[in-house]
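Understanding the architecture of this molecule
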Amino acid sequence: MTQTRTETLALTDGTQLRLTIAEPDNVVRGGLVVLHEARGVTERVRRLSSALAEEGWLTVAPHLYHRDGTDEIHDHHPDEQVHDQVQRLSGDTILADTDASFLWLSDRGVPADRQGVIGFDVGGSAALVVAASRTVGAAVSVGGRGILEPLSAGLPPLVEIACELSCPWLGLYGDNDEIEAGEVEKLREVTDAAPAVSDVVRYEGAGHRFDRDAEAAAEAWRRARNWLDLHLR
């Protein structure tokens, strides 16, 4: 499996953004900003980044909690710590970190139309924020709360910004005790009216991390890769 490494990038706000990077062994077909789950840049996020790199994508995962010095919240830490960390996210910080990540890709020769973003869990919510605010080649959200009620005080409800999609966006949602089916349908209704092409898919019984249905997880992964293949040429 492709190895990952971590670099540090100075931002204009005086903070140091950590980036976890996975590079293809051969030709780079494009670049992806990978947005992590609620517990940060975990081993699962690193494995997903490596898997994408093996398919030719230069991947960079910004550590969205870097302003608090947090890389990963381990499983033995309480959920309250995860909640507190998520509550500190804002649209401004997400866009600052992803903008820096896109610039990092540009500096390595990846053109803007071959740059995309894919996010998981909380990162899925963040990916939709990016898709509604930046013109990139493609975006994919795998789960993500905050559809009708904001994920944090610094973020709007996703249905309020989904109508502003400025790039092709795919949303993949498994069942989640915190996301009702009606919320996903509302998101689909809003994105259908957006100026950019979109698709929303809900997998019943799969679990919010697709951990209860291996077949649904594999199908969602295929959809995500096909979406990137289609729009990042």
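Attention here is on the structure that accompanies the text.

Procedures and definitions
- Residues numbered from 1 in each chain as written.
- Predicted model: local features only at pLDDT ≥ 70, side-chain atom pairs only at ≥ 80, totals over all residues.
- Heavy atoms only, no water.
- Helix = DSSP H or I, 4+ residues; strand = E, 2+ residues; numbered from the N terminus.
- Rg over C-alpha atoms; globule rule 2.2 N^0.38 Å.
- Buried < 20%, exposed > 50% of the residue type's maximum accessible area, 1.4 Å probe, protein only.
- Contact = heavy atoms within 4.5 Å.
- Areas by Shrake-Rupley, 256 points an atom, 1.4 Å probe, with all protein chains shown as cover.
- Lys, Arg positive; Asp, Glu negative; His and termini not counted.
- Charge placed at Lys NZ, Arg CZ, Asp CG, Glu CD.
- Polar contact = N/O pair within 3.5 Å; in protein donor to acceptor, adjacent residues only side chain to side chain.
- Pairing = 2+ DSSP bridges.
- Axes fitted to C-alpha atoms, helices over the stretch in contact; angles between N-to-C directions.

Quick look at the overall build of the chain
If you tally the helices and strands in the chain, you get seven helices and eight strands. Whereas a compact globule of 233 residues would reach a radius of gyration of roughly 17 Å, the chain reaches 16 Å, a difference of no more than 12%. Once the C-alpha set of the chain is aligned to its principal axes, its extents read approximately 40 × 40 × 35 Å. By residue count, 55% of the 233 residues in the chain fall in the buried class. By sequence separation, contacts in the chain at least 24 residues apart represent 73% of the contacts at least 6 residues apart. Carbon and sulfur atoms make up 46% of the accessible area of the chain, which totals about 10300 Å². With 22 positive and 39 negative side-chain charges, the chain shows a spacing of 4 Å between the two charge centroids.

Some details on the side chain of Ser198
The topology assignment puts Ser198 in strand β8 (residues 198–203). Note on Ser198: relative accessible area 17%, which makes it buried. From its side chain, Ser198 meets the backbone oxygen of Thr191 in a polar contact 3.2 Å long. Leave out the neighbours within four places in its chain, and Ser198 touches Leu165, Trp169, Thr191, Asp192 and Trp227.

Focus on the sheet that holds strand β1 (residues 4–10)
Read from one edge of the open sheet, eight strands run β1-β2-β4-β3-β5-β6-β7-β8, paired in mixed fashion. Two strands close off the open sheet at either side, each with one partner strand: β1 and β8. Adjacent strand axes in the sheet meet at a mean angle of 20 degrees, parallel and antiparallel pairs treated alike. One ladder, built from five bridges, connects strand β3 (residues 30–35) with strand β5 (residues 115–120); its direction is parallel. In the strand pairing of β5, Val33 is matched with Val117.

Brief notes about unusual backbone geometry
Even without being glycine, Asp121 reaches a positive phi, approximately 60 degrees. For Asp121, the position within the fold is in the loop between β5 and α4 (122–131). Judged by relative accessible area, Asp121 falls into the buried class, the value being 16%.

The values reported here are purely geometric and, on their own, carry no functional implication.
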